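These are the residues of each chain, in order.
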Amino acid sequence: MVNRLKSVLTEKLDNLKREARLKGEEKIILDILPPANGFGRKIVTEGNKNLINFASNSYLGLSNDQRLIKAEHEAALKFGVGPGAVRFISGTQQPHLLLEKKIAAFFNREAAMIYNSAYAANCGIIAPLVDENTILISDELNHNSIISAIRLAGVSRARKSIYSHCNMKELEKCIKEASENAKRAIIITDGIFSMRGDYAPLNIIAELADRYGAKFEQGIITIVDDSHGIGAIGNTGRGVVEVCRADGIDIITGTLGKAFGVDGGFVVTDKLIVEYLRETSPFYIYSNPIAAGTASASLKALEILESDEGLELLAALREKSEYFRKGIEKIGLKTIEGSHPIVPVVIGDPLKAKRMAIELYGKGILVIALTFPVVPKGQDTIRVQISASHTRKDLDYALESFKEVS
Ligand SMILES: Cc1ncc(COP(=O)(O)O)c(C=O)c1O
């Protein structure tokens, strides 16, 4: 029965290959080696290749932290390795509630709610917040989960406005236009943009929402997905909201799978909105939550982030990111200005970017080449992600290698 379908799918795969959009074979990590000889942790891939990982979102190096592993283990011994049901049936375990309480307190907001990923959080919150009188306003470079969320919410072209990346003049224009034919507007943006490491000016977005909110019968709601910012930037790791001093942002979504080093996602906002989402968000209602062990490991990550050690990790991450950025510029390579641990090395040519990434791999450095259409034409980039667990020797070795292959 599937034979005819197979030929259609084969053609689609062939097209992806022709357009150089195939992700291709995945690299399999077989082991993780402890720090040695001045280098930090290394990953081992097939062919016994030892690599310094510059393509991980574990910005604070917590994914291998023994304290998180212990917390996960102890919770698993008590609650089992899976929840066995969705939240409202019998899947709500104590660590889930504790984590929600702690996340809310961390952001000084009334309530939080866990999803099983940030992707699910974005998809889970948009549809229940949109109705036929809503216009959704979105940055053109928002993450795929936001694009999917808007599609899943059934937002028609007429009810959607896309503004150029971080262009606040255009955003203002979108808001003014929306005020003529909508009762409610939702502005949604990434905090940190994952392909560039730059960030949305959330203070201006909150200010615009405040200024024009009265023009809408049901106001303007602002949402930021700061999956890459939380735990990575801001003096205390509260992400772009902290960097921009944008307390006026209404809803924050984020992941537990990057700086926290674990897995899962969350939304944090007002109590009533969370109460409403628990009753209406299908990704929450009909899908198992993260395991209690995962929630407990996340709680431990949050505890570390909020301690003096967390401040030290953030400071080290900042210092290392700056060191690497400056080093790249010294070599004569281009980056995008910023202070985030995502350091995009802009090559501007897809073949050269790919060739360099392969040669760096050969030297024991894992980085990802991002080429068109993942990034705009002419901005082909090698994305480097710094972690607090990288050593000076890791960074110097990577810089030296970049010099050799460029
Ligand atoms: C902005 C943004 N949102 C959401 C996600 C997805 O996070 P998760 O793995 O928790 O679904 C990512 C990950 O790449 C991201 O960059």
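Residues numbered from 1 in each chain as written. Predicted model: local features only at pLDDT ≥ 70, side-chain atom pairs only at ≥ 80, totals over all residues.

### With respect to the sheet that holds strand β3 (residues 49–53)
The strands that make up a sheet pair up through hydrogen bonds in the backbone, lying either parallel or antiparallel.
Then, in step 1: Within the open sheet, the 4 strands sit side by side as β1-β2-β3-β13. Their pairing is mixed. The strands lining the two open edges of the sheet, one partner per strand, are β1 (29–33) and β13 (365–366).
Then, in step 2: As paired strands, strand β2 (residues 42–45) and β3 are joined by 3 bridges and run antiparallel to one another. Residue pairing in the sheet places V44 in a bridge with N50 of β3. (Pairing = 2+ DSSP bridges. Helix = DSSP H or I, 4+ residues; strand = E, 2+ residues; numbered from the N terminus.)

### Points about the packing of helix α5 (residues 118–129) against helix α6 (residues 144–152)
Then, in step 1: Axis separation between α5 and α6 bottoms out at 8 Å; the angle between their running directions is 30 degrees. Between α5 and α6, the interaxial angle falls into the category roughly parallel. Considering how the two elements wind past one another, α5 and α6 form a crossing that is right-handed. Each of A118, Y119, N122, C123, I126 and A127 in α5 lies in contact with α6, whose residues at this interface are S145, I146, S148, A149, I150 and L152.
Then, in step 2: Looking at the contact of α5 with α6 residue by residue, the class counts come to 9 nonpolar, 3 polar and no charged. (Axes fitted to C-alpha atoms, helices over the stretch in contact; angles between N-to-C directions. Parallel < 35°, antiparallel > 145°, perpendicular 65-115°, else oblique. Left-handed = near helix turned anticlockwise from the far one by under 90°. Contact = placed C-beta atoms within 7 Å. Nonpolar A, V, L, I, M, F, W, Y, C, P; charged D, E, K, R; others polar.)

### Notes on the nonpolar core
Then, in step 1: Grouped together as the largest cluster of nonpolar side chains are 119 residues, with contacts concentrated most on I137, A185, I186, L202, V240, F266 and V267.
Then, in step 2: When residues of this core are assigned to domains, at least three fall in each of domain 1 (20–53 + 315–405) and domain 2 (66–305).
Then, in step 3: Apart from the residues lying within four places of it in its own chain, the contact partners of I137 are S161, Y163, L171, C174, I175, A178, A185, I186 and I187. (Core = buried A, V, L, I, M, F, W, Y, C linked by C-beta atoms within 7 Å. Buried ≥ 20, exposed ≤ 12 C-beta atoms within 10 Å, placed from the backbone. Domains from an automatic or database assignment.)

### Some words on the sheet that holds strand β5 (residues 134–139)
Then, in step 1: Ordered in space as β4-β10-β9-β8-β7-β5-β6, the 7 strands form an open sheet in which the pairing is mixed. In the strand order of this sheet, the two ends are held by β4 (111–115) and β6 (160–163), each with one partner. When strand polarity is set aside, the average angle formed by the axes of neighbouring strands in this sheet is 20 degrees.
Then, in step 2: With 4 bridges connecting them, strand β9 (residues 251–255) and strand β10 (residues 265–269) associate as antiparallel partners. Residue pairing across strands places G254 opposite F266, the latter belonging to β10.
Then, in step 3: Contacts between helix α8 (residues 202–212) and the sheet are confined to β7 (184–190) and β8 (220–225), with β8 contributing the most and set at about 165 degrees to the helix.
Then, in step 4: Along the sheet, helix α10 (residues 271–280) makes contact with β4, β9 and β10, crossing β4 at roughly 30 degrees.

### Details of the domain arrangement of the protein
Then, in step 1: Taken domain by domain, the protein holds domain 1 (20–53 + 315–405) and domain 2 (66–305).
Then, in step 2: On a C-alpha basis, the centroid separation for the pair domain 1 and domain 2 is 28 Å.
Then, in step 3: Taken together, the contact between domain 1 and domain 2 spans 13 residues of the former and 9 residues of the latter.
Then, in step 4: No other element matches strand β12 (residues 342–346), which puts 3 residues into the side of domain 1 that touches domain 2.
Then, in step 5: In terms of residue class, the side of domain 1 that touches domain 2 is made up of 9 nonpolar, 3 polar and 1 charged.

### So, helix α2 (residues 66–79)
Then, in step 1: Look at α2: 20 Å from first C-alpha to last across 14 residues, which is about the 20 Å you get at 1.5 Å a residue.
Then, in step 2: Restricting attention to buried positions, one finds in α2 the residues L68, A71, E72 and A75. Buried residues along α2 cover an arc of 95 degrees about the axis, so they all sit on one side. Looking at α2, the residues exposed on the side facing more than 90 degrees away from the buried face are Q66 and L77.
Then, in step 3: Considering only its buried residues, α2 is in contact with α4 (94–106) and α12 (292–305).
Then, in step 4: At the exit of α2 stands G80, carrying a positive phi of roughly 95 degrees. (Expected span 1.5 Å × (residues − 1). Arc of directions from axis to C-beta.)

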